[in-house]
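# Structural overview for review
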Amino acid sequence: MPKLYDCAKCPGYCCSYPVIEVTTKDVRRLAAHHGITPEEAEHRFTKRAHGHDRVMRRKKDEHYGKICRFFDTTARRCTVYRARPEICRSFPGGSRCGYYDFLAFERRKQDDP
């Protein structure tokens, strides 16, 4: 099924979700990417929140309030793309992204390329 969205044209909506779950495998991948131990990666990059044992830590963002700590808020891109968590790799779980569809619609209506 062809992909019907372009993440390069998105300001990072999915990265602003309050719960970005992180698995043990994700922690190991992030640790290797940063050259640190999995224990240090878990401590630095994750926390318990919203009833989950391990979610990505977030930081301030002018557009969404808070966003994933690895999101470059100037370039609006992931800084750990090759090491990103599995949930990010599989998003949106299909060939369409609802936010991209909404954004594309708004841009068409406002004649905003």
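As the structure is a prediction and not an experimental result, all values here were calculated from the model.

Cut-offs and rules
Residues numbered from 1 in each chain as written. Predicted model: local features only at pLDDT ≥ 70, side-chain atom pairs only at ≥ 80, totals over all residues. Heavy atoms only, no water. Helix = DSSP H or I, 4+ residues; strand = E, 2+ residues; numbered from the N terminus. Buried < 20%, exposed > 50% of the residue type's maximum accessible area, 1.4 Å probe, protein only. Contact = heavy atoms within 4.5 Å. Patch = residues over 30% accessible without salt bridge, like charges linked within 9 Å, V, L, I, M, F, W, Y side chains within 5 Å. Areas by Shrake-Rupley, 256 points an atom, 1.4 Å probe, with all protein chains shown as cover. Salt bridge = Lys/Arg side-chain N within 4 Å of Asp/Glu carboxyl O. Lys, Arg positive; Asp, Glu negative; His and termini not counted. Charge placed at Lys NZ, Arg CZ, Asp CG, Glu CD. Expected span 1.5 Å × (residues − 1). Arc of directions from axis to C-beta. pLDDT = per-residue confidence, 0-100. Polar contact = N/O pair within 3.5 Å; in protein donor to acceptor, adjacent residues only side chain to side chain.

### Notes on the overall build of the protein chain
Helix and strand content of the protein chain: 4 helices and 6 strands. Along the three orthogonal principal directions, the C-alpha set of the protein chain runs to about 50 × 35 × 30 Å. Across the 113 residues that make up the protein chain, the buried fraction comes to 32%. Looking at the protein chain alone, contacts between residues at least 24 apart form 57% of all its contacts between residues at least 6 apart.

### What about a positive patch on the surface?
On the surface, Lys47, Arg57, Lys60 and Lys66 cluster together into a patch of positive charge. Following the sequence through the fold, lysine 60 ends up in strand 3 (residues 58-61). On the basis of relative accessible area, lysine 60 is assigned to the exposed category, the value being 73%.

### Notes on helix 4 (residues 98-109)
Over its 12 residues, helix 4 runs 17 Å from end to end, which matches the ideal 16 Å to within 8%, given 1.5 Å per residue. Among the residues of helix 4, Tyr99, Tyr100, Leu103 and Ala104 are the ones counted as buried. Around the axis of helix 4, the buried residues are gathered within 130° of arc, so they sit on the same side. Facing away from the buried side of helix 4 by more than 90 degrees, the exposed set consists of Gly98, Arg108 and Lys109. Phi for aspartate 111, located one or two positions after helix 4, is positive at around 50°.

### Let's talk about helix 1 (residues 24-34)
Among all positions in helix 1, only Asp26, Val27, Arg29, Leu30 and Ala31 are buried. Close packing links the buried residues of helix 1 with helix 2 (38-45), strand 1 (46-49), strand 2 (52-56) and helix 3 (86-90). Just beyond helix 1, the residue with positive phi is glycine 35, at close to 70°.

### A closer look at the confidence of the model for the protein chain
Summary statistics for the protein chain give a mean pLDDT of 89 and a share of 96% for residues scoring 70 or more. Ranking the helices and strands of the protein chain by mean pLDDT puts helix 1 first, with 98, and helix 4 last, with 82.

### Describing the side chain of threonine 46
You can see threonine 46 is positioned in strand 1. Here threonine 46 falls in the buried class, since its relative accessible area comes to 6%. One polar contact links the side chain of threonine 46 to the main-chain carbonyl oxygen of glutamate 42, over a distance of 2.6 Å. In contact with threonine 46, not counting residues within four places along its chain, are Val22, Val27, Ala41, Arg54, Val55 and Arg57.

### Some details on the pattern of salt bridges
Overall, the coordinates contain 6 salt bridges when judged by the stated rule. Note that glutamate 40 and arginine 44 form a salt bridge whose closest N and O atoms lie 3.3 Å from each other. Of this pair, glutamate 40 and arginine 44 both sit in helix 2, 4 residues apart, roughly one helical turn. Judged by its relative accessible area of 36%, arginine 44 is partly exposed. Arginine 54 is the salt-bridge partner of glutamate 42, the closest N and O atoms lying 3.0 Å from each other.

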